[in-house]
Amino acid sequence: MAEDLRARGDEALATLLRARPDLLSPVPNDLTQLATRAATRASVVRALERLDRFTLQTAEALAVMPDGGAYSVLRALMTGDAADKATAAALPHAVESLRAQGLVWGGEDRLRLVRTARDLLAPSASVPSPTGLGPSVAEATSGMSPARLQEILADAGLPATHDPMSAVAALADLFSDRKRMKKLLATAPDGATGALGKLAWGPPYGEVGDAIAPVRAATATTPVQWLLARGLLLPAGQHNVVLPREAALHLRAGRAHRTVEPAPPAVTPVEHSPQAVDGTAAGQAFNAVRTVEELLKAWETGGPPVMRAGGVSVRDLKRVATTLDVSETMAAFWLELAYAAGLLASDGELDEAYAPTPASDDWLRLPAQERWTALAAAWLSATRTAGLVGSRDSKGRALSALGPELDRSLAPEVRRRVLELLTALPEGASAAPAELLDRLRWDRPLRGGSGTDALRAELLRWTVSEAELLGLTGRGALAGHARALVEPAPTVPRRRTSANANVNAIVNVNAALNAATNAATTPAETAAAAAAAASRLAPLLPEPLNHVLLQADLTAVAPGPLEAPLAEMIGVLADIESKGGATVYRFTPESVRRALDAGRTAADLHAFLAEHSRTSVPQPLSYLIDDVARRHGRLRVGAASAYLRCDDDALLSELLADRRASGLGLRRLAPTVLAAQSAPETLLERLRAMGFAPAAESAEGDVVITRADAVRTPRRAAPTPVTDGPPVPDGTLLGAAVKAIRAGDRASTAVHRESVPAPAASGGLPRTAAAETLATMQAAVLTGDSLWIGYVNADGAASQRVIGPVRVEGGFVTAYDHTADEVRTFALHRITGVSELADDPA
């Protein structure tokens, strides 16, 4: 396989590394190491999981055909005797895809599946093949005596042979010959073909009642005995039989699979008006931004505590649902979305609680369309799955919102793939979720193994609903602004750097491999996609307003979204009563007191309302503001444990006589001062609940102004998605990796002259005396020749290199290192030896 990789061009190597990025961790030293790493079990399993159904079926057929078989044998296994044209047309592309991903090597005359993949896909007694085929005749008869083999040949009507190997070959040839097999089965008794038919499509093992004993054709009395006598069934245990692979293929008309799927399942478009889709999605996008804003506002003075096991409690989740006026399931989604975008986090204090992050302030200052792109991008890449909230883990523990164990590495793949499928449909077209699920199963059949298929179906259902909530889709169809965010940038094939005959086909499958591995994009490309999405969304969003409509019933109507300063101030001065296309705010004594606590005066509030109202300020609202302002701050609360002071001693006497204040531990210290046994915060809360309007006081006697944005976490990064493998490298890294691998391979395979035989302990490195090393180096500087050296670095790691010496002085050699493709300096005392090259690699 290493030699096969050497024959490929740089484009082919880049394609392999792009499809299997785990091979780059770390970058292989040479192509031999790359081939070895590409054949490891973990890497092969990961590669097989990313094959589509038809390519996987092709690999399964390669696993059951002889190793090194011709392409014609594979085509016969895939198309059968009928030679299905659609399968035959799709097969070359599947083979090239396997070759490009390093799972198949060799020419069409000798196709070889990587041995690890063959071990995983080939049938065995413990792990059946996905094809349903059993062992070959040679494998099924491996423990059979030579005499018994000759008996089976005789009963099958074949001449005797001189050795077991030729007997097995003769029997396999009989089963592979359509005419001779048809003639043999024509003489079978009733029930024999039915018994074979039950095993033909798998599983190939069957159970018989009586213990199996060697039987001859002359003494066979049952259909199973007739089949055993002729080797059409072979013993697989005391009470079990197995149908040999060659016989099964005859019964299947030569096909390795019952149903071959060369083309993906169709996704039928359901047409909608693109304008209606974009309008619906834009409305949902705007609602998503407003919902996250409301969530941040609800927690800006401090969110709920973090549970000991992590996450928010069920009670706190219900409170969030009530605040946002949504179901608990949707509340969990909005919480997880804000967390994934880095807008919410735990504060890390001793009594840990959730709060907005400093990044939320930056986010709130962005235009609505850019806020939406940040949320959509976070959702696309997040592995945290809000749909799992409320379910239970393997130990029976409930999974909570913002808690651990919500990461599912399959989630980003399903989300992006669903949106890519919608992108492929005409604009404004939606698709049935069942058809999307069938397509996902075709795209990644092995990703549904080990119980993952049920999760994939759930992820699809959650993806469809969450994309609609977030405004990526409208009426089930992908919106125009979401296409700009989802559609991959067009890839332009690079110029070929080799005359490799397979490069053309490999370049043709590059696009498929890029889509299959979600090829990485640079930050500039990501930013460009976000900017394009924001620019397409912006015209669809309503323009922010700088006014409200005040009404006589102490309400204000915002007929659309408000500008940020106005929305912030009106949110402090009034409470939201209803949301929708128009938001209704209600003014209450508590809301007005909240604005006064934030440092506003009654005059400020009157001026603000007069400036931003399209209607005159109603008299009841003016009276409400003046009344609350008149009472605001008459009581002052400070720290004693707490105290109250008021210039009106009658008000303090009224408070002492009030039964509702009995739990506060109040006592009079002076005509205008009361002491309390409660903390200032508790005292403030209780007095406000009793209908008073106290103000907090500092140690200097000044009124403490409380602001809504007082609580923020320390700077936090958004949670990193939990992936199941290394990220796909970008073009720059791929180019550098291919260059390094080529250089390392050049050094390891360079032909050199051994001046002194290298001892076994040297690991194959050249060994020469120090004087000879110095002389050879100095001569190479004069002649310009390249040398093969052994070098031990400061960490004691030995390596071999091909260098072109430029200068030797001060105990160091300055040389061009062909292995690293750069000029480096080598310490002479670390060079184990030197040898001339038979052919100068330069």
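For the structure, check the block above.
Residues numbered from 1 in each chain as written. Predicted model: local features only at pLDDT ≥ 70, side-chain atom pairs only at ≥ 80, totals over all residues. Heavy atoms only, no water.

J.: Would you take a moment to explain the overall build of the protein chain for this structure?
T.: On a plain count of helices and strands, the protein chain comes out with 35 helices and 25 strands. A compact globule built from 842 residues should have a C-alpha radius of gyration of about 28 Å, whereas the protein chain, at 38 Å, is more than 25% larger. In terms of principal-axis extent, the alpha carbons of the protein chain reach across some 125 × 90 × 55 Å. Scored against the burial criterion, the 842 residues of the protein chain give a buried share of 46%. Long-range pairs, those at least 24 residues apart, make up 67% of the contacts in the protein chain between residues at least 6 apart in sequence. Accessible surface, the protein chain: about 39400 Å² in total, of which carbon and sulfur atoms supply 54%. (Helix = DSSP H or I, 4+ residues; strand = E, 2+ residues; numbered from the N terminus. Rg over C-alpha atoms; globule rule 2.2 N^0.38 Å. Buried < 20%, exposed > 50% of the residue type's maximum accessible area, 1.4 Å probe, protein only. Contact = heavy atoms within 4.5 Å. Areas by Shrake-Rupley, 256 points an atom, 1.4 Å probe, with all protein chains shown as cover.)

J.: So what exactly am I meant to see when it comes to the sheet that holds strand β22 (residues 798-809) here?
T.: Backbone hydrogen bonds hold the strands of a sheet together, and the pairing may be parallel or antiparallel. The antiparallel open sheet is built from five strands, whose spatial order is β24-β23-β22-β21-β25. Bordering the open sheet on either side are β24 (822-827) and β25 (831-836), each of which pairs with just one other strand. Going from strand to strand, the sheet's axes swing by 45 degrees on average, the running direction of each strand aside. Note: strand β21 (residues 787-792) against β25, five bridges, orientation antiparallel. Opposite Leu787, over in β25, you have Glu836 as the bridge partner. Running over the sheet, helix α35 (residues 770-783) touches β21, β22, β23 (812-817) and β25 and is turned about 60 degrees from β22. (Pairing = 2+ DSSP bridges. Axes fitted to C-alpha atoms, helices over the stretch in contact; angles between N-to-C directions.)

J.: How do you make sense of the pattern of salt bridges when you look at a structure like this?
T.: Pairing of side chains with opposite charge becomes possible as their charged atoms draw close. A complete count under the given rule lists 42 salt bridges for this structure. Asp393 is paired through a salt bridge with Arg397; the nearest N and O atoms lie 3.0 Å apart. Of the charged contacts in the structure, one is a salt bridge between Arg444 and Glu413, with a shortest N-O distance of 3.8 Å. One end of the pair, Arg444, is in the loop between α22 (433-443) and α23 (452-470); the other, Glu413, is in helix α21 (residues 410-424), and 31 residues separate them in sequence. The same class applies to Arg444 and to Glu413, which are both buried. A single network of salt bridges, built from pairs that share partners, joins Asp67, Arg112, Arg115 and Arg118. (Salt bridge = Lys/Arg side-chain N within 4 Å of Asp/Glu carboxyl O.)

J.: Explain the side chain of Arg371 to me, please; I cannot follow it from the model alone.
T.: Here Arg371 shows up in helix α20 (residues 368-381). The residues touching Arg371, leaving out its near neighbours within four places in the chain, are Val289, Glu293, Trp363, Leu364 and Leu366.

J.: Would you mind going over helix α12 (residues 178-186) with me for this structure?
T.: Helical periodicity: at 3.6 residues per turn, an α-helix aligns residues three or four positions apart in one direction. Turning to α12, its buried residues are Met181, Leu184 and Leu185. Along α12, the residues classed as buried sweep out an arc of 95 degrees about the axis, all on the same side. Those residues of α12 that are exposed and angled more than 90 degrees off the buried face are Lys179, Lys182, Lys183 and Ala186. For α12, the secondary structure elements touched by its buried residues are α11 (164-176), α13 (192-200), α14 (223-229) and α15 (245-251). The N-terminus of α12 is capped by Asp177, whose side-chain oxygen sits 3.1 Å from the backbone nitrogen of Lys179. (Arc of directions from axis to C-beta. Polar contact = N/O pair within 3.5 Å; in protein donor to acceptor, adjacent residues only side chain to side chain.)

J.: I'm lost on the sheet that holds strand β13 (residues 555-558) in this one. Help?
T.: Ordered by their spatial adjacency, four strands build an open sheet running β12-β13-β15-β14, and the pairing between neighbours is antiparallel. The open sheet has two edge strands with one neighbour each: β12 (549-551) and β14 (575-578). The mean inter-strand angle of the sheet, taken between neighbouring strand axes irrespective of direction, is 30 degrees. Relative to β13, β12 is paired through three bridges, and the arrangement is antiparallel. Its bridge partner lying in β13, Leu549 is registered against Val557.

J.: How should I be thinking about the nonpolar core in this particular structure?
T.: Note on soluble globular proteins: their nonpolar side chains tend to be buried together. Leu17, Leu74 and Leu232 are the most contacted members of the largest nonpolar core, which has 86 residues in total. Val292, Leu375, Ala401 and Ala484 belong to the second-largest nonpolar core, a separate cluster that totals 66 residues. (Core = buried A, V, L, I, M, F, W, Y, C linked by side-chain atoms within 4.5 Å.)

J.: Looking at this model, I keep getting lost on the packing of aromatic side chains. Mind explaining?
T.: Here a ring pair, both rings aromatic, is described through the centre-centre distance and the interplanar angle of the planes. If you walk through the whole model with that rule in mind, you get three aromatic pairs. Directly above the ring of Trp363 sits Arg371, whose terminal nitrogen or CZ lies 5.8 Å from the centroid. (Phe/Tyr/Trp six-rings, centres within 6.5 Å; stacked < 30°, edge-to-face > 60°. Lys NZ or Arg CZ within 6 Å of the ring centre and 35° of its normal.)

J.: It is not clear to me how the environment of Arg46 should be interpreted in this structure. Could you clarify?
T.: With respect to the helices and strands, the residue Arg46 is situated in helix α4 (residues 41-49). Taking the C-alpha atoms as reference points, Arg46 and Asp597, separated by 551 residues in sequence, lie 60 Å from one another. Excluding its chain neighbours within four sequence positions, the residues that come into contact with Arg46 are Asp22, Asp724 and Gly725.

J.: I tried to follow helix α2 (residues 10-19) on my own but got confused; where do I start?
T.: Within α2, nine of the 10 residues are buried, leaving the element largely enclosed by the surrounding structure. Taken residue by residue, α2 has Glu11, Ala12, Leu13, Ala14, Thr15, Leu16, Leu17, Arg18 and Ala19 as its buried positions.

J.: Is there a simple way to explain the packing of helix α6 (residues 71-79) against helix α7 (residues 85-100) in this structure?
T.: The relative placement of two packed helices is expressed as an angle between their axes plus a distance between the axes. It is the contact of α6 with α7, at a shortest axis distance of 10 Å, that shows an interaxial angle of 130 degrees. As far as their axial angle goes, α7 and α6 are oblique. Note on packing geometry: the crossing formed by α6 with α7 is right-handed. Listed contacts from α7 to Tyr71, Leu74, Arg75, Met78 and Thr79 of α6 are Thr87, Ala88, Leu91, Pro92 and Val95. (Parallel < 35°, antiparallel > 145°, perpendicular 65-115°, else oblique. Left-handed = near helix turned anticlockwise from the far one by under 90°.)

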